[in-house]
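Letter by letter, the chains look like this.
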Amino acid sequence: MTTAYDDTQIGRARVTETPELAAYYKELAEQEAGALWTVANDIEPWYPQPRSVPTHWPYAKLRPLVRKALSLVAADDAGRRVVMLTNPGRRDVSAAVGLLYTGLQIMGPGEAMTAHRHQAAALRFVLEGSGAWTIVEGQKIKVGPRDFAITPNGTWHEHGNESSTTPCIWQDGLDIPLVNALDAPFYEVHPNLRQGSGRIVNSSLPTYGAPLLPYGTERWTRPCPPLLAFPWESTYESLLNLAEASEGSPFDGLIMEYTNPLTGGSVMPTMSAHIQLLRPDQRTQAHRHTGSVIYTVAKGNGYSIIDGRRHDWNDGDIFCVPSWSWHEHGNISQSDDAVLFSFNDFPVMRALAFHREEAYTDNDGHQLLT
Ligand SMILES: [Fe+2]
Ligand SMILES: [Fe+2]
């Protein structure tokens, strides 16, 4: 009798080692070759075996360390002054989970960085400070707490903080480990070090931030999305409106996707970003899917149970869910909603036909704590 995941069953590699085979493997190795059956079960596991582990980065612990970097290193010497979040299982590729990178960038009062562009796509979610700005392909974008902004891959960009008194901290999210895994990275420093920007700040918002789209010659024809910023106020209002109209998802509460208004699709070809609201006292059911997710607590207090372990979170905390890990979320407040921002590699999973999803059906959909 064989169990479902038994590697000794017929159909799996189960060759017994002999002195003749060992000698044969040596001969193969000398020709830069090998016998598939020696590694087959490892390289084709029954189901995903992520090297990333569920990890929780409390903002209260990280914030003082991020602020410390202000006096330790000049932004222009660092390129960008960022504390990156590294998964214990993915330090080799500087990933926070799977092939996704994230970090906390701090910019001091009055600072301005030089411009560059790279193959990796980037997104920003602001945690604190009101003076942050970024210029993307000549468009100046000002962002405040909980605002979301994107830097599509290959676009020139530079950042700064126009506040004269307070630093700002935003979260960067990039697909750097994915780009590197595919051997496709490029990086350029702007020839003039600065781009300069148009007269109108946040110009993509009035043009592409409404249900109506420009028509005819006004229509955007470049490959990257035309809308580069998503302010918190309208995002939160959309969530509250959805809460009036929908019960939401049993696994995610009320969840919405930041989208490219021209396609209705994800904001980047490699990464998608979501915002989700958990009603007071709401507890979602567990599910799992392929694809890695990095969550940031935008508002409220609650917990997520990931592979049987509970992580209690507060405002500004960041945590990750590796591919195929069971996860469910809870809002511990009886009176206030909780909001989670997240980004993921789902567009890659879907484009490559790797998307798979499963609901947790035992115990009313809730994991047992381990
Ligand atoms: Fe960059
Ligand atoms: Fe999920």
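What counts and what doesn't
- Chains are numbered independently. Their residues run from 1 in the order of the written sequence.
- All chains are assigned letters beginning at A, and all ligands numbers beginning at 1, according to the order in which they are written.
- Confidence filtering applies because this is a predicted model: local features only for residues at pLDDT of at least 70, side-chain atom pairs given and counted only at 80 or more, and all residues used for totals across whole chains, interfaces and linings.
- Runs of E in the DSSP output that reach at least two residues are strands. Runs of H or I that reach at least four are helices, and both are numbered from the N terminus.
- This radius of gyration counts C-alpha atoms alone. The globule rule is 2.2 Å times how many residues there are, raised to the power 0.38.
- Residues are called buried when their C-beta atom has 20 or more other C-beta atoms within 10 Å, exposed when it has 12 or fewer, and partly exposed otherwise; all C-beta atoms are positioned from the backbone.
- Here contacts are defined at the residue level, using C-beta atoms placed from the backbone and a cut-off of 7 Å between them.
- Source of the domain bounds: an automatic or database domain assignment.
- Put simply, Ala, Val, Leu, Ile, Met, Phe, Trp, Tyr, Cys and Pro go in the nonpolar bin, Asp, Glu, Lys and Arg in the charged bin, and everything else, Gly too, in the polar bin.
- We define a nonpolar core as a collection of buried residues of the types Ala, Val, Leu, Ile, Met, Phe, Trp, Tyr and Cys that are connected via C-beta atoms lying within 7 Å of each other.
- Two strands pair if DSSP finds at least two bridges between them.
- Inter-axis angles, ranging from 0 to 180 degrees, are taken between N-to-C directions of lines fitted to C-alpha atoms, where helices are fitted over the stretch in contact.

Caption draft 1: Region of interest: the overall build of the protein chain. Within the protein chain, the secondary structure is distributed over 8 helices and 22 strands. For the protein chain, the C-alpha radius of gyration of 23 Å lies close to 21 Å, the compact-globule estimate for 370 residues. On the principal axes, the C-alpha backbone points of the protein chain span a range of 75 × 55 × 50 Å. Within the protein chain, buried positions represent 39% of all 370 residues. Of all intrachain contacts in the protein chain linking residues separated by at least 6 positions in sequence, the fraction that spans at least 24 positions is 77%.

Caption draft 2: Broad picture of the domain arrangement of the protein chain. Domain parsing of the protein chain yields domain 1 (56–208) and domain 2 (229–365). Each of domain 1 and domain 2 was reduced to a C-alpha centroid, and the two centroids are 22 Å apart. Each partner contributes to the interface: domain 1 provides 33 residues, whereas domain 2 provides 29 residues. Those elements that provide at least two residues to the side of domain 1 that touches domain 2 are strand 1 (56–57), strand 5 (122–128), strand 8 (148–151), strand 10 (168–174) and helix 6 (204–208). Of the residues assigned to the side of domain 1 that touches domain 2, the class counts are 22 nonpolar, 8 polar and 3 charged.

Caption draft 3: Unusual backbone geometry, seen in detail. The phi torsion at Asn363 lies on the positive side, around 50 degrees, for a residue other than glycine. Mapping Asn363 onto the fold places it in the segment after strand 22 (357–359). Phi is positive for Asp364, which is not a glycine, with a value near 55 degrees. Overall, the presence of 8 C-beta atoms within 10 Å leaves Asp364 in the exposed class.

Caption draft 4: How the structure looks around the environment of Met268. Secondary-structure assignment places Met268 in the loop between strand 13 (254–258) and strand 14 (272–278). Looking at Met268, the number of C-beta atoms within 10 Å reads 27, which means it is buried. When the C-alpha positions of Met268 and Cys224 are compared, they lie 8.0 Å apart, and in sequence the two are 44 residues distant. Sequence-distant contacts of Met268, defined by excluding residues within four places in its chain, comprise Ala121, Ile150, Pro152 and Pro347.

Caption draft 5: Expanded view of the nonpolar core. Judged by nonpolar contacts, the single largest core of 69 residues is most densely connected at Ala96, Leu123, Phe148 and Ile294. Of the residues that make up this core, three or more belong to each of domain 1 (56–208) and domain 2 (229–365). Excluding anything up to four places from it in sequence, Ala96 contacts Leu85, Thr86, Asn87, Tyr101, Thr102, Ile294 and Cys320.

Caption draft 6: Molecular detail of the pairing of strand 21 (residues 338–344). Of all 7 residues making up strand 21, 7 are buried, and the element is well covered by its neighbours. Relative to strand 21, strand 14 is paired through 7 bridges, and the arrangement is antiparallel. What sits directly across from Ile275, in strand 21, is Phe341. Bridge count for strand 16 (residues 293–299) against strand 21 is 6 bridges, and the pairing is antiparallel. Counted as the bridge partner of Tyr295 is Ser342 from strand 21.

Caption draft 7: Main features of the sheet that holds strand 2 (residues 82–84). Spatial ordering of the open sheet is given by 2-3-10-5-8-12, a layout of 6 strands whose pairing is antiparallel. Of all strands in the sheet, those with a lone pairing partner are strand 2 and strand 12 (229–230), marking the two edges. Note: strand 2 against strand 3 (residues 101–107), 3 bridges, orientation antiparallel. When the sheet's bridge partners are listed, Met84 is paired in strand 3 with Gly103. Relative to the sheet, helix 3 (residues 59–72) contacts strand 2, strand 3 and strand 10, its axis offset from that of strand 3 by approximately 55 degrees.

Caption draft 8: Fine view of the pairing of strand 10. In terms of residue burial, strand 10 counts as a mostly covered element, since 7 of its 7 residues are buried. Two elements, strand 3 and strand 10, share 7 bridges in a ladder whose sense is antiparallel. Across the sheet, Gln105 pairs through a bridge with Trp170, a residue of strand 10. For strand 5 and strand 10, the ladder comprises 6 bridges, and the chain directions are antiparallel.

Caption draft 9: Geometry of the sheet that holds strand 19 (residues 318–321). Taken in spatial order, the 6 strands line up as 1-19-16-21-14-13 in an open sheet, and their pairing is antiparallel. Edge strands, defined here as strands with exactly one partner in the open sheet, are strand 1 and strand 13. Examined bridge by bridge, strand 16 and strand 19 share 4 bridges and lie antiparallel to one another. Bridging from a neighbouring strand, Thr296 pairs with Ile318 of strand 19.

Caption draft 10: Just the environment of His311, in detail. In this structure, His311 sits in strand 18 (residues 309–313). A tally of 20 C-beta atoms within 10 Å means that His311 is categorised as buried. Residues His311 and His329 lie 18 residues apart in sequence; the distance between their C-alpha atoms is 9.5 Å. Not counting chain neighbours up to four residues away, the residues in contact with His311 comprise His56, Tyr303, Ser304, Ile306 and Phe319.

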